[in-house]
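Here is what each chain is made of, one letter per residue.
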Amino acid sequence: MATTTALTTCPLCEATCGLELTIDAGQITRVRGDRDDPFSNGFICPKGASLGQLDADPDRLSGPRIRRNGRLEPATWDEAFALVDERLTAILAEHGRDAVGLYLGNPTVHTIAGGFYAGPLRKALGSKNVFTASTLDQMPKHVSSGFLFGSPFAIPVPDVDRTDFLLILGADPWSSNGSLWTAPDLPGRLKAVQARGGQFVVVDPRRSRTASFADQHVPVRPGTDVFLLLGMVNELFAADLVTPVEHVVGVDAVREATLPFTPEAVAGRCGVEAAVIRDLAHRLAAAERGCVYGRIGTTTVEFGTVTSWLVDVLNVLTGNLDRPGGAMFPLPAHSRRGPGKGKGFQVGRWHSRVRGLPEIVAEYPAVTMADEIETPGDGQVRAMITVAGNPALSVPNSGRLDAALSTLDFMVCVDPYVNETTRHADVILPPLAPSRRAHYDLAFFNYTVRNVAKYTRAPVAPEPGNPDECDILLRLVTILGGLGADADLDAVAEFQLTAALTALVEKEGSPVHGKDVADLRAQLTGETREELMLDLRLRTGFYGDWFGAVPDGISLEKLLANPHGVDLGALEPRIPEILRTPSGKVELAPEQIVSDLVRVREALDREDPTLVVVGRRHLRSNNSWMHNVPALVKGKELCTLQVNPADATSRGLVNGGRAQITSRVGKVEVTVEVTDGIAPGVVSLPHGWGHDRPGVELSVATAHAGVNANLLTDDLRLDPLSGTSVLNGIEVEVAPAN
Ligand SMILES: Nc1nc2c(c(=O)[nH]1)N[C@H]1C(S)=C(S)[C@@H](COP(=O)(O)OP(=O)(O)OC[C@H]3O[C@@H](n4cnc5c(=O)[nH]c(N)nc54)[C@H](O)[C@@H]3O)O[C@H]1N2
Ligand SMILES: Nc1nc2c(c(=O)[nH]1)N[C@H]1C(S)=C(S)[C@@H](COP(=O)(O)OP(=O)(O)OC[C@H]3O[C@@H](n4cnc5c(=O)[nH]c(N)nc54)[C@H](O)[C@@H]3O)O[C@H]1N2
Ligand code: SF4
Ligand SMILES: [Mo]
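1. What about the packing of helix α3 (residues 77-95) against helix α18 (residues 469-480)?
Link 1 in the chain: For the pair α3 and α18, the least separation of the axes is 10 Å and the interaxial angle reads 35°. Every pair of crossing elements has a handedness; the one defined by α3 and α18 is right-handed. Here W77, F81, V84, D85, L88, T89 and L92 of α3 lie close against α18, whose contacting residues are I472, R475, L476, I479 and L480.
Link 2 in the chain: Split into classes, the residues belonging to the contact of α3 with α18 amount to nine nonpolar, one polar and two charged.

2. Here's the deal with the domain arrangement of the chain
Link 1 in the chain: Considered domain by domain, the chain is made up of domain 1 (66-135 + 345-429), domain 2 (139-329 + 575-601) and domain 3 (609-736).
Link 2 in the chain: The centre of domain 1, based on its C-alpha atoms, is set 26 Å off from the matching centre of domain 3.
Link 3 in the chain: Across the boundary between the two partners, domain 1 contributes 26 residues, which contact 30 residues of domain 3.
Link 4 in the chain: Both sides of the domain 1 and domain 3 interface together cover about 2,200 Å² of buried area, and 51% of this is carbon and sulfur.
Link 5 in the chain: Between D715 and R400 there is a salt bridge, with the nearest N and O atoms lying 2.8 Å from each other.
Link 6 in the chain: For the side of domain 1 that touches domain 3, the secondary-structure elements that each account for two or more residues are α16 (391-394) and α17 (398-405).
Link 7 in the chain: Broken down by element, the residue count for the side of domain 1 that touches domain 3 peaks at four residues, all from α17.
Link 8 in the chain: Split into classes, the residues belonging to the side of domain 1 that touches domain 3 amount to twelve nonpolar, nine polar and five charged.

3. With respect to the sheet that holds strand β10 (residues 199-203)
Link 1 in the chain: A sheet is described by the order of its strands in space; here four strands give the open sequence β11-β10-β9-β13, paired in parallel fashion. Edge strands, defined here as strands with exactly one partner in the open sheet, are β11 (216-218) and β13 (290-294). Strand-to-strand twist across the sheet, computed as the mean angle between neighbouring axes with direction ignored, equals 15°.
Link 2 in the chain: Pairing geometry for strand β9 (residues 165-169) and β10, over five bridges, is parallel.

4. A few points about the pattern of salt bridges
Link 1 in the chain: Using the criterion set out here, one finds 49 salt bridges in the structure.
Link 2 in the chain: The salt bridge partner of D98 is K128, with a shortest N-O separation of 3.3 Å. You can see D98 sitting in the loop between α3 and β6 (100-104) and its partner K128 sitting in the loop between α4 (112-125) and β7 (130-132), a full 30 residues away along the chain.
Link 3 in the chain: The partly exposed category is assigned to K128, whose relative accessible area is 36%.
Link 4 in the chain: A salt bridge links R601 to D605, with the nearest nitrogen and oxygen atoms 3.5 Å apart.
Link 5 in the chain: Judged by relative accessible area, which is 36%, R601 ranks as partly exposed.

Rules and cut-offs
Residues numbered from 1 in each chain as written. Chains lettered and ligands numbered in written order. Predicted model: local features only at pLDDT ≥ 70, side-chain atom pairs only at ≥ 80, totals over all residues. Heavy atoms only, no water. Axes fitted to C-alpha atoms, helices over the stretch in contact; angles between N-to-C directions. Helix = DSSP H or I, 4+ residues; strand = E, 2+ residues; numbered from the N terminus. Left-handed = near helix turned anticlockwise from the far one by under 90°. Contact = heavy atoms within 4.5 Å. Nonpolar A, V, L, I, M, F, W, Y, C, P; charged D, E, K, R; others polar. Domains from an automatic or database assignment. Buried area = accessible area lost by both parts, 1.4 Å probe. Salt bridge = Lys/Arg side-chain N within 4 Å of Asp/Glu carboxyl O. Pairing = 2+ DSSP bridges. Buried < 20%, exposed > 50% of the residue type's maximum accessible area, 1.4 Å probe, protein only.

Structure follows, in structure tokens:
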């Protein structure tokens, strides 16, 4: 077979870098950044560069597995789907919809399959026991956006290419490449801010890689950014620095609610001097164009929602929301502008059976999955479906969840590996390797720093017989919908296309109002069901060709003709059109959030634990699932406990020695890394490790096992407004291991 090159988009993080693959005999032999990608301009990181090794990983499953006599044995696709149908249908019939739980993991948002079919899967299942990695991650931001803007998915991103001042809290884009902030080469873009005379400041208990490049690093006590930000808001009002803004209600209520939190009142609690807090508020207000951005260190904490809200309160009060160089809302090619008002946002429409926790964005907190599996009674979870998730490593008190998973009557996992979670499965349905699938970022194009669109077909034709993940998920949809394991998937897709077109044709004011559905359907192009669906979304999106009505408009054909991607321009203001609040305004002082300030006020006087653990990410690691790639795990051990020299001395810990860490829920033993890059009283341990479990089939990862940080995190601790786990700021004791 001849050597060919093909373009794709890296699916490994949120940066969406364009890649140029060299392919020899169906294998990726070289990966380069695509210099002609108008968004990533050739940028690539070590993870993207190792896509070939990941793609060809010998441990990647090449077909389904079925548990027979206690062992996960190879099976045919027909056998696997038939067994899923038989078992799930029986459990649903006998015990009801809630008896089957669903967990959607992080890569679901990186695939077309997840983008198109996660919703239908939830709907077809009809269970209240839906869990996702969102409650281990960004859910507080969805909740604060839900209340502020009326839509949980309206999340503004820092317009980094045009800003002069950026305040970054609890994020390390030099390692993570950015999150809820899609921008290839964020390090380069942040250096460009400095090169044009601007600044960025990093608030982090660790001197992260990003902090080391920043104009200023502000070490903060873990979990206390809420106080720092409250102090800044208080100062903006006190010093009369608030910029009046249009389309906002509730400014006075915010002023009143934040009165007790003067910089002096909060300084001791967050470990940042009052003068520093004041100075940050003044510099943000004075910046021509500035922005505040918070990520993992601000969401996976006790006051995650209030903190996420304060980030945007500061953007609003300084006039930086929705203006160039501030925090802006992207508009992707597969979406349209909105009506500017709506029903608003609600949480707690139903509550979990065991702990009575409120539903948030139609799911329950991941930390209560174990409760729902373990606790007998009506509505007990007896079977689980996992898609692209590794909850046995990712969820707090994972030792307990891991044990609970082993008690299920039935478990089906859509996953390429036999790992810590899927080792409990009865059926594993593996997706195709990245080189064998098409790519379009249905999720991340909502968070890009420029409006962009790009679609690429599979670089290599899949081996016959193995279905695309889209087919796997749609097959699960039909099984859960009672149509059986042999339903005609094309007919289901046709039904969906017709329904979507009918809604558009019936919609008053739509450019295709009154047109013939069959005629429009005939104009859609695409080789797969998903290409047809994407064509529909693109053509009827904001930049769409509306079936010829807009001559230069976007369509699938146009994206296929521009395989490096299409730049749709800098971000444009979207308020009020993006709003879905009943008032049609930004509701700056939502009652639910303001009333949580009572809890914050109480915590102001609380004494901090002597030692707490936080997480961190490394450029060569990706949550729990890329430690099987030799190029990424070679060299220095990545899963170490970072300890400040003072804490090491007082505890008798030495660099390279072993330490035992103990928390309320568990105990682990780990290698110590003494560094002044972390504040005293704080230690840091990355998550996603701990691969030495019986039954996993990850030959490289088990040799670099590390320890599981979530054996220490506590399933009883969460941010009540968002159901999000506290992953940072967990009280621990550390002592030398004997
Ligand atoms: N202590 C602590 N815990 C954390 C965090 C932390 O900072 N600290 N971070 C949290 C965060 S932000 C997140 S997002 C979660 C992640 O939590 P999860 O989403 O549960 O876990 P991942 O490690 O992302 O595992 C992804 C799974 O998807 C599989 N996979 C990979 N590619 C594909 C694909 O294309 N299709 C399918 N079907 N499967 C695929 C992998 O084999 C793996 O099993 O972890 C959370 N847990
Ligand atoms: N290389 C790599 N890239 C990734 C991932 C990965 O695992 N590896 N994971 C992806 C995923 S799922 C996500 S969600 C994103 C996350 O993207 P980021 O949020 O940028 O993730 P981190 O690198 O973990 O940065 C979080 C920072 O918060 C700090 N921190 C901890 N506690 C606190 C606190 O209380 N306050 C403050 N101010 N800071 C605190 C930590 O020290 C750390 O430096 O990254 C994505 N990209
Ligand atoms: S930054 Fe993210 S998208 Fe870009 S190459 Fe690295 S892993 Fe892939
Ligand atoms: Mo995440």
